[in-house]
Amino acid sequence: MASLGQLTAGIAHEIKNPLNFVNNFAGLSVELLDELKETADPGIATLDEDTRAEIGEIVGMLTGNLEKIAEHGKRADGIVKSMLEHSRGASGERREVDLNALVDEALNLAYHGARAQDASFNITLERDLDPAVAPIELAPQEITRVFLNLFGNGFYAATKRARGNGEAAYRPTLQVSTCDLGDAVEIRIRDNGTGIAPEIRDQLFQPFFTTKPTGEGTGLGLSISYDIVTQQHGGTITVESEHGEFTEFTIRLPRSEHSTTTGRAA
Amino acid sequence: MSVSILVVDDEPDVAEMFRQRFRREARNGTYVMHFASSGGEALNLLTNGIEPTLIVILSDINMPEMDGLDLLAEIKQRWCDLPVMMVTAYGDDRRRCRASELGACEFLTKPVDFDLLKARLAQLPS
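Counting of residues starts from 1 at the beginning of each chain's written sequence and follows it residue by residue. Chains and ligands are labelled sequentially in the order written, the chains with letters from A and the ligands with numbers from 1. With pLDDT at 70 or above as the cut-off, local features in this predicted model cover only qualifying residues; side-chain atom pairs require 80 or more to be listed or tallied, and sums for whole chains, interfaces and linings still use all residues.

Undergrad: An account of the overall build of chain B is needed here, citing residue identities and associated values.
TA: In DSSP terms, a helix is any run of H or I states spanning at least four residues, a strand is any run of E spanning at least two, and both are numbered starting from the N terminus. Scanning chain B from terminus to terminus reveals 6 helices and 5 strands. Burial is judged by counting other C-beta atoms within 10 Å of a residue's own C-beta: 20 or more means buried, 12 or fewer means exposed, and anything between counts as partly exposed, with every C-beta placed from the backbone. Residues counted as buried form 28% of the 126 residues belonging to chain B. Note that contacts rest on C-beta atoms placed from the backbone: two residues are in contact if these are within 7 Å. Pairs at least 24 apart in sequence give 65% of the contacts found in chain B among residues at least 6 apart.

Next comes the structure, spelled out in structure tokens:
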């Protein structure tokens, strides 16, 4: 059975083609309409006022419609690109890495990325990285993607809370900690954002499930992260949350490639 | 002075898109556009001779019967100095490298950036 990554990549590729035509022809049509207006203007000027007004109105609506088609086409394009990025390059190349360095790098990337997208974005980052964490073999590209997903979600939740009920003393904060458990390593990512409503807890890792408004999220981040952690690395990913207060994701990655974690993760 | 461009793509809407995108250039005589919907058809046109002077072939990769890379190899064997640009939805490195090895002078991914394409065309030796 195709993995989620292969499925989304396949669908995205198939949709890209007709979407290109939608965008291209919409753009071309807007240009052609402008040309038509220019060419026809001298002739239209000779018509009576009512007819001129009607022509103007129709041309205006046509232009508006085409611009809308182009706009939604671009939106769909963005979704497709996002889907492809999420499922891209599952090279699965494994090597020994310094986990703390990987976490730190991903955190910086996520933070600066968020700032680049929104200059007003701000959050307090708290790192509690256990110096005793020994190098561990994993797929760094994929694990980084998991971190980026979780950091991004944390930023989103904290920012949402900051913009919400105007709690005077609220400071959006993201805490990241690592811990060596001997036969495994543990990474905790905790935000003090809006938290997760209990009724949707079970759906979190489902593909395409999202609480973000249309156009803001594909709903693939957590499901792909889940696949990467559990299927690719034999680890576990769990979540704890209090609605309105915090959310904490705990990832456990075993050291040996074929080990399974013993006992239930918190 | 007019020169020709040959576009090879099995999707008929691609031809229409190129026609519209090059409408001004076609009207003022800069380029004459030719279209083939398969590698075989393209080779026929080339064998029979294209007028005015053909300066470049723009070819898709993913086509039934003869894919763009096979066409590229064939063209380079028979008309080695004719510039060929691959225009394709598949931007992966493997195809890019293969196209380069076979002699493609450019590798453009769809959706085509027509401003970029026209800039590249202007840079071709004519």
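More follows now that the structure is in view.
Undergrad: A description of the overall build of chain A should follow, citing residues and the corresponding values.
TA: The secondary structure content of chain A amounts to 5 helices and 7 strands. In sequence order, the secondary structure elements of chain A are arranged as α-α-β-α-β-β-α-β-β-α-β-β. Residue burial in chain A is summarised as follows: out of 266 residues, 26% are buried. Considering only intrachain contacts with a sequence separation of at least 6, the fraction spanning at least 24 residues in chain A is 73%.

Undergrad: So what about the packing of helix H4 (residues 68–78) of chain B against helix H5 (residues 93–102) of chain B? Which residues, and what values?
TA: When two helices pack together, their arrangement is given by the angle between the helix axes and the distance between those axes. Residues and elements named next belong to chain B. Closest axis-to-axis distance for the H4/H5 pair is 9 Å, and the angle between their directions is 15 degrees. Judged by the inter-axis angle, H4 sits roughly parallel to H5. As H4 packs across H5, the resulting crossing turns out to be right-handed. Note on element contacts: H5 touches H4 through Arg98, Ala99 and Leu102, opposite Leu69, Leu72, Ala73 and Lys76. Three residue categories are used. Nonpolar comprises Ala, Val, Leu, Ile, Met, Phe, Trp, Tyr, Cys and Pro, charged comprises Asp, Glu, Lys and Arg, and polar comprises the others, including Gly. In terms of residue class, the contact of H4 with H5 is made up of 5 nonpolar, no polar and 2 charged. Axes, fitted as lines to C-alpha atoms, cover a helix only where it is in contact. Angles between the N-to-C directions of the axes lie from 0 to 180 degrees. Roughly parallel means an angle under 35 degrees; roughly antiparallel means over 145; roughly perpendicular covers 65 to 115; every other angle is labelled oblique. Take the far helix as your reference; a near helix turned counterclockwise from it by less than a right angle gives a left-handed crossing, and one turned clockwise gives a right-handed crossing.

Undergrad: Can you tell me about the nonpolar core, naming the residues and giving the values?
TA: In this usage, the nonpolar core is the set of buried Ala, Val, Leu, Ile, Met, Phe, Trp, Tyr and Cys residues whose C-beta atoms join them within 7 Å. Among the nonpolar cores identified, the biggest contains 30 residues, and Phe147(A) and Phe151(A) are the most heavily contacted of them. Those elements giving two or more residues to this core turn out to be helix H3 (99–117), helix H4 (140–162), strand S4 (173–180), strand S5 (184–191), helix H5 (221–232) and strand S7 (246–254) of chain A. When residues of this core are assigned to their parent elements, the largest contribution, 8 residues, is made by H4(A). Non-local contacts of Phe147(A), meaning those with residues more than four positions away in its chain, are made with Val103(A) and Ala106(A). Membership of the second largest hydrophobic core comes to 26 residues, among which are Leu6(B), Ala36(B), Leu69(B) and Leu121(B).

Undergrad: Tell me about the sheet that holds S7(A), and please be specific about residues and values.
TA: All names here are of chain A. In this scheme, strands are said to pair when DSSP sees at least two bridges between them. Ordered by their spatial adjacency, 5 strands build an open sheet running S2-S4-S5-S7-S6, and the pairing between neighbours is mixed. Strands at the two margins of the open sheet, each flanked by one partner only, are strand S2 (124–129) and strand S6 (236–242). Across the sheet, the mean angle separating the axes of adjacent strands is 10 degrees when strand polarity is ignored. Here S4 pairs with S5 via 7 bridges, running antiparallel. Bridge pairing in S5 places Thr178 opposite Ile187. Strand contacts of H5: S6 and S7, with the helix running at about 135 degrees to S6, the strand carrying the most contacts.

Undergrad: Describe unusual backbone geometry, and please don't skip the residues or the numbers.
TA: Excluding glycine, most residues fall at negative phi; most peptide bonds, likewise, are trans. Here the residue pair Glu51(B) and Pro52(B) is connected by a cis peptide bond, since its omega of -10 degrees sits within 30 degrees of zero. Looking at the element boundaries, Pro52(B) is found in the loop between helix H3 (39–48) and strand S3 (54–59). Positive phi outside glycine occurs at Phe208(A), with the angle close to 70 degrees. Among the secondary structure elements, Phe208(A) is positioned in the loop between S5 and H5.

On their own, these measurements won't tell you what the molecule is for.
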